[in-house]
Amino acid sequence: MTKMRVMSRSRPEDKYLLVTGLMNMNQVVAVTGDGTNDAPALSKADVGFGMAITGTDVCKMAADIIIMDDSFTSVVKACKWGRNIYDNIKRFLQFQLTVNVNALIFTVIGAVLLKESPLQAIQLLWVNMIMDSLASLALATE
Amino acid sequence: MAKHILYMSLFQMIVLFIFLFGGEYMIPEPDERLRYPQYRALVDSPVDSKFVFPGRSFTLTGEPLYKKVIGLDGIDGDASRHMTFIFNLFIWLQIVNMMASRKIHDEKNLCDGFFSNPAFLVIWVLIVGVNFLIIQFTG
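Residues numbered from 1 in each chain as written. Chains lettered and ligands numbered in written order. Predicted model: local features only at pLDDT ≥ 70, side-chain atom pairs only at ≥ 80, totals over all residues. Heavy atoms only, no water.

Some details on the packing of aromatic side chains
Basically, it comes down to this: Note on aromatic pairs: the rings of Phe, Tyr and Trp (six-membered ring only in Trp) are paired at centre separations within 6.5 Å, and the planes decide the class, stacked below 30 degrees, edge-to-face beyond 60, tilted for the rest. Only protein chains enter the calculation, and the probe is 1.4 Å; a residue is then buried if its accessible area is under 20% of its type maximum, exposed if over 50%, and partly exposed in between. As a reminder, the over-ring test applies to NZ of lysine and CZ of arginine, requiring each to be within 6 Å of the ring centre and within 35 degrees of the ring normal.
For the coordinates displayed, the defined rule picks out 5 aromatic pairs over all chains. Considering the side-chain rings of Phe132(B) and Phe137(B), the 6.5 Å spacing of their centres and the 85° angle between planes classify their relative orientation as edge-to-face. For Phe132(B), a relative accessible area of 48% translates into the label partly exposed. In textbook terms, an aromatic cluster arises when at least three aromatic residues are bridged by ring pairs, as seen for Phe106(A), Phe17(B), Phe21(B) and Phe90(B). The cationic tip of Arg102(B) hangs over the ring face of Phe120(B); the distance from NZ or CZ to the ring centre is 5.1 Å.

A word on the side chain of Asn117(B)
Definition in use: Strands are runs of DSSP state E lasting at least 2 residues, helices are runs of H or I lasting at least 4, and numbering of each runs from the N terminus. By definition, residues are in contact when any of their heavy atoms lie within 4.5 Å.
Note that Asn117(B) resides in the loop between helix H3 (82-100) and helix H4 (118-137). With residues near it in sequence (within four places) discarded, Asn117(B) still touches Ala138(A), Thr141(A) and Glu142(A).

Observations concerning the sheet that holds strand E1 (residues 30-33) of chain A
Residue and element names in this part refer to chain A. As a reminder of what qualifies: Pairing between strands requires that DSSP locate at least two bridges from one strand to the other. Where helices are involved, their axes are fitted lines through C-alpha atoms of the stretch in contact, as for all axes, and angles between N-to-C directions lie from 0 to 180°.
Read from one edge to the other, the open sheet built from 3 strands follows the order E1-E2-E3, with strand pairing classed as parallel. The open sheet terminates on both sides in strands that have one partner only, identified here as E1 and strand E3 (65-67). Between one strand axis and the next, the sheet turns by 25° as a mean value, whatever way the strands run. Note that strand E2 (residues 47-51) and E3 share 3 bridges and pair parallel.

Comments concerning the packing of helix H5 (residues 121-140) of chain A against H3(B)
Going by this rule: Under this scheme an angle from 65 to 115 degrees is roughly perpendicular, one under 35 degrees roughly parallel, and one over 145 degrees roughly antiparallel; angles in between are oblique. Crossings are sorted by hand: turned counterclockwise from the far helix by less than a right angle, the near helix makes the crossing left-handed, and turned clockwise it makes it right-handed.
Closest axis-to-axis distance for the H5(A)/H3(B) pair is 11 Å, and the angle between their directions is 15°. On the basis of their axis angle, the class for H5(A) and H3(B) is roughly parallel. Pair H5(A) / H3(B) crosses with right-handed handedness. Residue-level inspection shows Gln123(A), Trp126(A), Val127(A), Met131(A), Ala135(A), Ala138(A) and Leu139(A) of H5(A) in contact with H3(B), the latter providing Phe87(B), Phe90(B), Ile91(B), Gln94(B), Ile95(B) and Met98(B).

Let's talk about the environment of Met1(B)
In this structure, Met1(B) sits in the segment before helix H1 (2-26). In sequence terms Met1(B) and His105(B) are 104 residues apart; their C-alpha atoms lie 9.0 Å from each other. In this view, Met1(B) contacts Lys90(A), Leu93(A) and Gln94(A); residues no more than four positions away in its chain are not counted.

Regarding the pairing of E2(A)
In summary, the side chains of a regular strand alternate between the two faces of the sheet. Residue and element names in this part refer to chain A. Using the following cut-off: Here the term right-handed applies to a crossover when the path leading from its first strand over the helix to its second strand runs clockwise, the strands being oriented away from the viewer.
With 4 of 5 residues buried, E2 is to be regarded as a mostly interior element. By the bridge criterion, 4 bridges tie E1 to E2 in an arrangement that is parallel. Pairing of glycine 33 across the sheet is with glycine 50, part of E2. Once you follow E1 into helix H2 (residues 39-44) and on to E2, the crossover reads as right-handed. The handedness of the E2 to E3 crossover, carried by helix H3 (residues 57-62), is right-handed.

Describing helix H1 (residues 12-24) of chain A
All names here are of chain A. To keep things clear, this is the line we draw: A helix's residues, less one, multiplied by 1.5 Å, set its expected span. By definition, the arc is the one covered by directions from the helix axis to the C-beta atoms.
A rise of 1.5 Å per residue sets the reference length of H1, with its 13 residues, at 18 Å; its end C-alpha atoms lie 19 Å apart and thus fit the reference within 8%. Within H1, the full set of buried residues consists of Asp14, Val19 and Gly21. Angular distribution of buried residues about the axis of H1 spans 165°; they occupy a single face of the element. In the segment just after H1, asparagine 26 is the residue with positive phi, at about 60°.

Next comes the structure, spelled out in C-alpha cells:
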C-alpha cells in the first residue's frame, strides 16, 4: 500500500478501506469526496474535504472542511494556511514563554540575592502588557 | 521549542546576572558628577572609577551598601544608571528574542525575510522607539 499512487475504478468502500489501512499505519489522512457514499471515509479520515458545489448534504455534514470552489488546488492552499497558523502559534508561544520565564527567574533570584527586585513593577508592566502583546501580534502576522 | 526556550533563557540569564553583579566594573559612566554620589560606598566599590556605581542597595550578606551623606549639589542618591542599564538590556534581549522567535525550524539566518512583513517591521520600530523614549526621558 505504501507504493500505491493512483487507484482507478475504486468504489467508495475502497476509499474507506484505504483510509482505515493508512490510519492503522499511523499516517495522517485527508480525504476528498462529494457523494453520499463517501461520507464514511470523510468522517473516518483525520481531515475530510467535502465539495461545496457538487457535493451532497450528507457529504458536507461528514466533512471537516468544505471546499467552496470544488478545486483540488484549494486543498494545497488549506494545507499552507494550516501550517502557517500552526507555525505562528509556535512562534508566539516561544516568544511569550521565553520572556516570562526570564522575567520570573531574574526577578525572583535578583530579589532573593539583593533584597529588592532588579526590575521594578512598572517596568515589568511595560514589558508584559505593551511589548509582549505587540510583539506577539507581530509574530502572529508572519 | 522547549530547547529554544531553555537555551534562550540560559543565555539571557547569564548576560543579565553578569551585568547585575559586575556592572560597576564594566558599564562606563561619562557624567563625572554621578561617579561621586552623595553617599559613599561602605564596601570597597570603586568610587572614583570611570564606571557607574552599583545600583544595588545591599551587599549579598544583607548589609546596606551605602551610607547616606547629606550635602553636595543636590543629586539624588539613587541616581545610578546601573539599573537603567539593566532594564534597557532586558528590553533589548527581548527584542532580539522577538526576532529570533520568527525562526522556529532551526534556520541559520535569523534576519532572512526581516523586511518582508510590514506589520512586524512597524511594531519592531515602535518598540525600539518607545524603549528609547523611556530610557532617555523618564526617571
